[in-house]
Amino acid sequence: MKLGPKLALKPALNPMTLDPTKPPPDPLAAATHPDPYPYYRELARVQPFHRDAMLMLWVAAGPAEVAAVLSHPACRVRPPGQPVPPPLAQSPAGTLFARLIRMNDGQDQALLKAVLQRKLATLDLNDVRAAASAWARLLPVARDPAATANRWSSALPVIALAGLLGYTAGDDETTAGRIATQIASFAAAMSQLAGSAEIAAGIEAAASLQMLPCADTPWTRALREHARAAGVDDDAIGANQLGLMVQSCEATAGLIGNTLLWLARDAAAADDLRATVARVLRADPPIHNTRRFLAEDARVCGVPLRRGDGILVLLAAAAASQAEGAGAAATASASAPAHPGERSWTFGHGAHRCPGDALAATLAEATVAALLARGIEPAALAQAYRYRPSLNARIPHFL
Ligand code: HEM
């Protein structure tokens, strides 16, 4: 009997049990492995496009193969006939999920994506940095540095965005904190690893988020006008405004945590945080993979695939294979220029490529700067951490 994609994607091991001296047992476990990059490089070199019989997934690992899958017209973001994951179907979380451009293909996605991309490009990154720094001054510091780093990594980027998007006024930190918690709950409920309590919390959070009043700022007004002119309906615009915070939440938290770990190894890298964040995006990225599903029978990377087949797209393997030699993540200095051909694959490629890359780097830089300014010591944090359980994201959780 062939297992459906949902069953096929169960992790082989609890990430907590992974042995750092052994390569990851499979590409899904790699995202939270202590050092998956030699494994990724080998996979990209030896098996750039292959079938993983245990996972029942095709796996794209080489840069050319990753790019080919992400630009193939038959490769879609959702399995055919399943626009929403079954645990979220018929719920407020399902309604929100189904409207996100990240979860849709076709003309509606392309139209709203183009508008969002144009509007995000008009945000002044200095304003974004200033907003994050201003919120940082208001946020309480827990006595426990690990708890402070964990909370700020998740919350500060979302809170800064919530202000820019008109969801919070001035310095209302209570509302801001609540929105950050609800966004994190909804994001967690979308994970394949979510249990019933997380799904219930995500559904409740999605219901509240969709009722959230949004002030009319010049930016949101222009976004709405341009989107309406492109024929996008108001429900989709509202959902995707929330979607910007959802998309920023976990990935930016990962970027912040991985930057803190980098600083623990190379304290001098704090002198140029912008360069360090750019380096971490390439060498120890927060998002390691994404998925695509065949909408119809088609030839992908020269192999005939069937409608419904799932492909695990290893962004981090493509990146690792283009990075400088083995051990790059551990040894390269932050200020070293990118290797020719090296790019941050962590933001994806093709029609769904992340429109928030510059914003994410700026939010991460501002958050790390704020944590350092509050006396957080990366070397002390790095003494005890694990990665949050995840099949695609590398997000440190400090203990
Ligand atoms: C380091 C932080 C981030 C990383 C690594 C990241 C990565 C990604 C990736 C890999 C995708 C494409 C997924 C796929 O093709 O399957 C994506 C999509 C997206 N990201 Fe980001 N992202 C980050 C931060 C942000 C931020 C701050 C925003 C807010 C503006 C954002 C907004 C989006 C949106 C709206 C999409 C959907 C685009 C579409 O489907 O066309 N991301 N992101």
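Along each chain, residues carry numbers from 1 onward, in the same order as the chain's sequence is written. Totals for whole chains, interfaces and linings use every residue, but because this is a predicted model, local features are given only for residues with pLDDT of at least 70 and side-chain atom pairs only at 80 or more, for both listing and counting. The basis for every side-chain value is the complete set of non-hydrogen atoms in the structure, without hydrogens or water.

## A few points about the pattern of salt bridges
Phase 1 of the analysis: Put simply, a salt bridge is a Lys or Arg side-chain nitrogen that is within 4 Å of an Asp or Glu carboxyl oxygen. Summed over all chains, the structure comprises 10 salt bridges.
Phase 2 of the analysis: Salt-bridge contacts for Arg 394 lead to Asp 284; the nearest nitrogen and oxygen are separated by 2.8 Å. With Arg 394 in the loop between β8 (385-387) and β9 (396-398) and Asp 284 in the loop between α13 (273-283) and β4 (290-294), the pair connects residues that are 110 residues apart, well separated along the chain.
Phase 3 of the analysis: Here the term buried applies to any residue with accessible area under 20% of the maximum for its type, exposed to any over 50%, and partly exposed to those in between, with areas from a 1.4 Å probe on protein chains only. Exposure remark for Arg 394: the relative accessible area of 1% places this residue in the buried category.
Phase 4 of the analysis: Here Asp 297 and Arg 306 are joined by a salt bridge, their closest N and O atoms 3.6 Å apart.
Phase 5 of the analysis: Residue classification places Arg 306 among the exposed positions, given a relative accessible area of 56%. Helix and strand assignments come from DSSP, with helices taken as H or I runs of at least 4 residues and strands as E runs of at least 2, each series counted from the N terminus.

## Details of the coordination of the iron atom of the ligand
Phase 1 of the analysis: Because water is not among the atoms used, a metal site may look incomplete, as its donors are only the N, O and S atoms within 2.8 Å, or 3.2 Å for Na, K and Ca. Just one protein atom coordinates the iron atom of the ligand, and that atom is Cys 354 (SG), at 2.3 Å.
Phase 2 of the analysis: Relative to the helices and strands, Cys 354 is located in the loop between α15 (328-331) and α16 (357-373).

## Comments concerning unusual backbone geometry
Phase 1 of the analysis: For Gln 90, which is not a glycine, the phi torsion comes out positive at approximately 60°.
Phase 2 of the analysis: By the secondary structure assignment, Gln 90 is in the loop between β3 (75-76) and α5 (92-99).
Phase 3 of the analysis: By relative accessible area, which is 83% here, Gln 90 ends up exposed.
Phase 4 of the analysis: In this structure, Cys 301 is a non-glycine residue whose phi angle is positive, near 50°.

## A look at the pairing of strand β1 (residues 49-52)
Phase 1 of the analysis: Pairing geometry for β1 and strand β2 (residues 57-60), over four bridges, is antiparallel. By the bridge assignment, Arg 51 is partnered in β2 with Trp 58.
Phase 2 of the analysis: Strand pairing follows a simple DSSP-based rule, namely that at least 2 bridges must link the two strands. Between β1 and β2, which pair antiparallel one after the other, the connecting turn spans four residues, and Met 56 there sits at a positive phi close to 55°.

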